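Overview (structure and organization)
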Amino acid sequence: MATILVINEKQLLCDLLGAEFSQHGHEVYTSGTGREGLELFRRRRPRFTFLDLQLPDMNGIEVLKKIREIDSTAAVLILTGAASDYMDEEARELGITDFLGTGVPFEALMKKIQHALSQQRTPVSSPLPRPAKAVSKLFETEGPRTVLVVDDEAPIRDMLMQFLPTQGFRVLTAQDGQTALAMAESERPHCIVLDIHMPGMNGIEVQRKLRAKSYEGVIMMLTGSQDGKLLKEALNLGSIDIVGKPFALEHLALAIQASMALAGH
């Protein structure tokens, strides 16, 4: 069993990594702030630390420097979407195990993490139970997962059609509920990102019809609405997540990835 620390302001990522590593017998601690992460590092002395550079209270490089003051040889992997050449160079000078950007395709990210973990030397008295396999379940795919984006706003469809393929997804789009139902029937996408408010047939009705047709993929709702009744109905119908508009592209991609992983897709 290895002790793993995840320091990242994104709670969704912390939860996902924590669940995946724990399922493989590792002891996992997570923190959304640099100060709490450092305290956990001091108390738990993790074998591996996954560190974000963008934290709400401290610069990630400063956290890394303090980690090095505590343990000059600790295995630290930077996992961040807020990188720069300067940060990359400074982090490497501080002896990180690897520098990983959240924007890289998942297959490439998986290989980098597997390589980083495979380079770790584990004492004979405390064997590490196949860490690369634990990570591979999180990021490995058997091919591009298909995401169907259903939204009556063309700019949103176009933006996701351009962005999500850079994250390793095959993307389809539909501008209304009827088209979405037909595409879901023929394509069987792994995930449907569904706007709640659309003319003709709203997202709740589309979701109800999908479930009636025994669609078993992940459904995520996009909405700018604060209508609690609608949101509760979406969750009752099996929406795995609700993402508010406006949204950050990186956050939406992470939510899709996490939802698929947690659903076993």
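Scroll up a little and you will see the structure.
Residues numbered from 1 in each chain as written. Predicted model: local features only at pLDDT ≥ 70, side-chain atom pairs only at ≥ 80, totals over all residues. Heavy atoms only, no water.

**Side note on the overall build of the chain**
Per the secondary structure count, the chain includes 11 helices and 10 strands. Within the span of the chain, comprising 265 residues, buried residues form 48% of the whole. When the accessible area of the chain is evaluated, it comes to approximately 12600 Å², of which 49% is carbon and sulfur surface. (Helix = DSSP H or I, 4+ residues; strand = E, 2+ residues; numbered from the N terminus. Buried < 20%, exposed > 50% of the residue type's maximum accessible area, 1.4 Å probe, protein only. Areas by Shrake-Rupley, 256 points an atom, 1.4 Å probe, with all protein chains shown as cover.)

**Looking at the packing of helix α2 (residues 34-44) against helix α3 (residues 60-70)**
Each packed pair of helices is defined by two parameters, the angle between the axes and the distance between the axes. At a closest axis distance of 10 Å, the pairing of α2 and α3 adopts a crossing angle of 15°. When the axis of α2 is compared with that of α3, the two are roughly parallel. α3 is crossed by α2, and the crossing has right-handed handedness. Residue-level contacts link G34, L38, F41 and R42 of α2 to V63, K66, I67 and I70 of α3. (Axes fitted to C-alpha atoms, helices over the stretch in contact; angles between N-to-C directions. Parallel < 35°, antiparallel > 145°, perpendicular 65-115°, else oblique. Left-handed = near helix turned anticlockwise from the far one by under 90°. Contact = heavy atoms within 4.5 Å.)

**Quick notes on the packing of helix α8 (residues 177-187) against helix α9 (residues 203-212)**
It is the contact of α8 with α9, at a shortest axis distance of 10 Å, that shows an interaxial angle of 25°. When the interaxial angle is binned, α8 and α9 end up roughly parallel. Between α8 and α9 lies a crossing whose hand is right-handed. Contacts between α8 and α9 involve G177, L181 and A184 from the first element and V206, K209 and L210 from the second.

**Side note on the pattern of salt bridges**
Throughout the structure, instances matching the rule amount to 7 salt bridges. K65 is the salt-bridge partner of E62, the closest N and O atoms lying 3.5 Å from each other. One end of the pair, E62, and the other, K65, are both in helix α3, 3 residues apart, so they sit about a helical turn from each other. Overall, the relative accessible area of 31% leaves K65 in the partly exposed class. Across the pair R208 and E205 runs a salt bridge, and its minimum N-O distance is 2.5 Å. A residue pair is termed a helical-turn pair when its members lie 3 or 4 positions apart in one helix, as R208 and E205 do in helix α9 at 3 residues. Here E205 falls in the partly exposed class, since its relative accessible area comes to 27%. A single salt-bridge network, built from bridges that share partners, covers E39, R42 and R43. (Salt bridge = Lys/Arg side-chain N within 4 Å of Asp/Glu carboxyl O.)

**Quick look at unusual backbone geometry**
Its identity is not glycine, yet R188 carries a phi of approximately 50°, on the positive side. Within the secondary structure, R188 is located in the loop between α8 and β8 (191-195). A residue is classified by how much of its surface remains accessible, and R188, at 38% relative accessible area, is partly exposed. A positive phi angle, near 65°, is found at S214, a position not held by glycine. Structurally, S214 is set in the loop between α9 and β9 (218-223). Residue class for S214 comes out partly exposed when judged on its relative accessible area of 48%.

**Points about the pairing of β8**
Among the 5 residues that make up β8, 5 are buried, leaving the element largely enclosed by the rest of the structure. The alternating pattern of β8 places C191, V193 and D195 on one face and I192 and L194 on the opposite face, and all of these are buried. Here strand β6 (residues 145-150) runs beside β8; their pairing, made up of 4 bridges, is parallel. By the bridge assignment for β8, V147 is matched with C191. Both β8 and β9 contribute to a ladder of 5 bridges, which runs parallel. Opposite L194, over in β9, you have M221 as the bridge partner. Crossover handedness for the path β8 to α9 to β9: right-handed. (Pairing = 2+ DSSP bridges. Right-handed = clockwise from strand over helix to strand, strands pointing away.)

These figures come from the coordinates and say nothing about function on their own.
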